[in-house]
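Descriptive structure summary
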Amino acid sequence: MKYQNIYFEDFKIGRVFKTDCMKITQEDIINFGNDFAPLPYHTDPEEAKNYMFGELVAAGFHTCSISFGLFIRAGVFDDCAMGSPGFNKLRWKKPVKPEDVLKVSATVTGASPARDENDRNLVSLLFVTSNQKDETVLEMETRHFVRSRPNTLDS
């Protein structure tokens, strides 16, 4: 799914943006683990058997990165992005394993108009990332600054 021409005015509370899917490979998990979360259950399939998950799993921040990447590739922020002041909540609900196929639904939970001349409107989104079994693997509440739709009458 590819969204186009999205601006602040399109972020109505309750609107849901859906992403395409992405398959996570063992190699993806190991590479991210080696670079950013060098723990045996993220980097070594054999050693991972000795830890609480019993197998190789993706690092939580890998799942966050995948989720945000899927959302960005959906095009929602292509025209309106102005950065982010952060997020309010992050919950890893289930481990992500090799061969899982992830997708994201991002629901608009808040939309506040700009309060200064910077035209930085604030939107809040609830990301829910699920796997191929429709099990929720991540919930993340994020906040983003977005532009208003340009006034074409001024052109």
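Note that the coordinates shown come from a computational prediction; the quantities given were computed from them, not determined experimentally.

Conventions adopted
- Residues numbered from 1 in each chain as written.
- Predicted model: local features only at pLDDT ≥ 70, side-chain atom pairs only at ≥ 80, totals over all residues.
- Heavy atoms only, no water.
- Phe/Tyr/Trp six-rings, centres within 6.5 Å; stacked < 30°, edge-to-face > 60°.
- Helix = DSSP H or I, 4+ residues; strand = E, 2+ residues; numbered from the N terminus.
- Buried < 20%, exposed > 50% of the residue type's maximum accessible area, 1.4 Å probe, protein only.
- Contact = heavy atoms within 4.5 Å.
- Axes fitted to C-alpha atoms, helices over the stretch in contact; angles between N-to-C directions.
- Parallel < 35°, antiparallel > 145°, perpendicular 65-115°, else oblique.
- Left-handed = near helix turned anticlockwise from the far one by under 90°.
- Nonpolar A, V, L, I, M, F, W, Y, C, P; charged D, E, K, R; others polar.

With that out of the way, let us pick up the packing of aromatic side chains. Given two aromatic rings, their pairing is described by the distance between the two centres and the angle made by the two planes. Taken as a whole and assessed by the stated rule, the structure comprises 12 aromatic pairs. With centroids separated by 5.1 Å and ring planes inclined at 80°, the aromatic side chains of Y3 and F17 adopt a geometry described as edge-to-face. In this pair, Y3 sits in the segment before β1 (16-18) while F17 sits in strand β1, placing the two residues 14 residues apart along the sequence. Judged by its relative accessible area of 0%, F17 is buried. Relative to F127, the ring of F71 has its centre 4.9 Å away and its plane inclined at 65°; by these criteria the two rings are edge-to-face. With a gap of 56 residues between them, F71 in helix α4 (residues 60-73) and F127 in strand β5 (residues 121-130) connect regions that are remote in the sequence. Each of the two residues, F71 as well as F127, counts as buried. Three or more aromatic residues joined by ring pairs form one cluster here, namely Y3, F11, F17, F68, F71, F77 and F127.

On to the environment of E99. Within the secondary structure layout, E99 lies in the loop between β3 (86-92) and β4 (101-112). Separated by 74 residues in the primary sequence, E99 and T25 place their C-alpha atoms 5.3 Å from one another. Among residues more than four places away in sequence, those in contact with E99 are K23, I24, T25 and Q132.

A word on the packing of helix α1 (residues 26-36) against α4. Interhelical geometry of α1 versus α4 gives an angle of 115° and a closest axis separation of 10 Å. As summarised for this structure, α1 and α4 are arranged roughly perpendicular, according to the angle between their axes. Judged by the twist between their axes, the crossing of α1 over α4 is right-handed. Of α4, the residues touching α1 (which contributes D28, I29 and F32) are F61, H62 and S65. Tallied by class, residues from the contact of α1 with α4 come to three nonpolar, two polar and one charged.

Negative phi values dominate among residues other than glycine, just as trans dominates among peptide bonds. We note that D119 has phi near 60°; this positive angle belongs to a residue other than glycine. Along the chain, the position of D119 falls in the loop between β4 and β5. A positive phi angle, near 60°, is found at D134, a position not held by glycine. Mapped onto the elements, D134 comes out in the loop between β5 and β6 (136-146). Given a relative accessible area of 55%, D134 falls into the exposed group.

As far as function goes, none of this settles anything; it's purely spatial.
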